[in-house]
Amino acid sequence: MIETGGEFGAFVKRQDLPEISERRLVENTVRILERTELLNGDKSANCQLVVGEVQSGKTMSFTTLTTLAIDNGFRIIIYFAGTKNNLLYQTTNRLKTDLFKGRNSKKQYKIFQNPISDESHVNKISNTLKLKNKPAILITILKKEKYISELSKIFGSVEIKLALGNNGVLIIDDEADQASLNTFARSNSKSEDWEHDEYSSTYSSILSLKASLPNHSYIQYTATPQGPLLINLMDLLSPKFHVVLTPGK
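Peer 1: Got a minute to help me understand the environment of D42 in this structure?
Peer 2: Tracing the backbone shows D42 in the loop between α2 (19-34) and β1 (45-51). In this structure D42 comes out as partly exposed when scored by relative accessible area, which is 43%. Spatially, the C-alpha atoms of D42 and E145 are 30 Å apart, while their sequence positions differ by 103 residues.

Structure below.
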């Protein structure tokens, strides 16, 4: 049974939405979290697709999903916040603005932007995981090979593996049709020797990050779903489920 009170309930109420819009937001968010297949101790590494028109509330959706996930025991949420610095800063600031409302918000949330795999960042994240009040760790990064690879190294470290255990992690890919998919897929499809397939750098780094996280759900948000829907079903970024967001007023 999903817990829908707590931070999630408070966040939804703060949006001051019309009744029908609030109901849609709650229903869609619960559906997305259920489809992570990570509740009740279950294990998964699935992908799912969330489709919404431009300005249909995609950012509100994944911010609301953040609060619901935290209420249900998730400790780490990763956000691929586009390929440009302005998009990274926009997402980070939006999360802070929307989530840091209560007196205890600084204790509830810890945000890391583009962390690198040095001893300092590894210790900070692992020590945060060990805190008794169990704050949520929100990690915003540029969707580029350099930063995703650094994150893979962090989660590959012994300290983080021990501190995280089998807890599930959410990876939220904003504008998932851009840069994430393998740009060599078409040329690979024409080759008869699949063992020599080529992979674009960002795509390869995403696969490495997924491999470093035994329990996770990779959630693709986009207004143009053709790419994720049409890739090979055996591709690790092929979505198992999809949700269509219905915009409110």
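From this point, things continue past the structure.
Peer 1: What is the right way to look at the sheet that holds β1 in this model?
Peer 2: Across a sheet, paired strands are connected by hydrogen bonds in the backbone, their directions being either parallel or antiparallel. One open sheet accounts for 7 strands, arranged β3-β4-β2-β5-β6-β1-β7; its pairing is parallel. Looking at which strands have only one partner, the edges of the open sheet turn out to be β3 (109-113) and β7 (241-244). Averaged over all pairs of adjacent strands, the angle between their axes in this sheet comes to 20°, without regard to strand direction. As paired elements, strand β2 (residues 76-80) and strand β5 (residues 169-174) share 5 bridges and run parallel to each other. Bridged to I78 within β5 is I171.

Peer 1: Help me out: how do you make sense of the packing of helix α1 (residues 6-14) against helix α3 (residues 58-71) in this one?
Peer 2: The geometry of a pair of packed helices is captured by two quantities: the angle between their axes and the separation between those axes. Between α1 and α3, the least distance of the axes is 7 Å, while the angle of their chain directions is 155°. Regarding the angle of α1 to α3, the classification is roughly antiparallel. Each of G6, E7, F8, F11 and V12 in α1 lies in contact with α3, whose residues at this interface are T63, T64, T67, L68 and D71. Looking at the contact of α1 with α3 residue by residue, the classes come out as 4 nonpolar, 4 polar and 2 charged.

Peer 1: What exactly am I supposed to notice about the packing of aromatic side chains here?
Peer 2: Given two aromatic rings, one states the distance between the centres and the angle between the planes to describe the pair. Scanning the entire structure with this criterion turns up 4 aromatic pairs. With centroids separated by 6.0 Å and ring planes inclined at 50°, the aromatic side chains of F62 and Y79 adopt a geometry described as tilted. Here F62, found in helix α3, pairs with Y79, found in strand β2; they are 17 residues apart in sequence, far enough to count as distant. The burial state of F62 is the same as that of Y79; both residues are buried. Between F62 and Y221 the ring centres are 5.5 Å apart and the planes differ by 80°, which places this aromatic pair in the edge-to-face class. Of this pair, F62 sits in helix α3 while Y221 is found in strand β6 (residues 216-222), placing the two residues 159 residues apart along the sequence.

Peer 1: Which parts of the structure should I look at to understand the environment of S200?
Peer 2: Tracing the backbone through its elements, the reader meets S200 in the loop between α9 (185-189) and α10 (201-212). Judged by relative accessible area, S200 falls into the buried class, the value being 9%. Distance in space between the C-alpha atoms of S200 and Q48 is 21 Å, their sequence separation being 152 residues.

Peer 1: What's the story with the pattern of salt bridges in this structure? I'm lost.
Peer 2: Side-chain pairs of opposite charge can arise where the charged atoms are in close proximity. The tally for this structure, following the rule as stated, stands at 6 salt bridges. Between E37 and K240 there is a salt bridge, with its nearest N and O atoms 2.9 Å apart. Here the residue E37 occupies a position in the loop between α2 and β1, and K240 occupies one in the loop between α11 (226-230) and β7, the gap between them amounting to 203 residues. Residue class for K240 comes out exposed when judged on its relative accessible area of 53%. The partner of K143 in a salt bridge is D173, with the nearest N and O atoms 2.7 Å apart. Taken together, the residues span a long stretch of sequence, with K143 in the loop between β4 (136-141) and α7 (145-156) and D173 in strand β5 at a distance of 30 residues.

Conventions we followed
Residues numbered from 1 in each chain as written. Predicted model: local features only at pLDDT ≥ 70, side-chain atom pairs only at ≥ 80, totals over all residues. Heavy atoms only, no water. Helix = DSSP H or I, 4+ residues; strand = E, 2+ residues; numbered from the N terminus. Buried < 20%, exposed > 50% of the residue type's maximum accessible area, 1.4 Å probe, protein only. Pairing = 2+ DSSP bridges. Axes fitted to C-alpha atoms, helices over the stretch in contact; angles between N-to-C directions. Parallel < 35°, antiparallel > 145°, perpendicular 65-115°, else oblique. Contact = heavy atoms within 4.5 Å. Nonpolar A, V, L, I, M, F, W, Y, C, P; charged D, E, K, R; others polar. Phe/Tyr/Trp six-rings, centres within 6.5 Å; stacked < 30°, edge-to-face > 60°. Salt bridge = Lys/Arg side-chain N within 4 Å of Asp/Glu carboxyl O.

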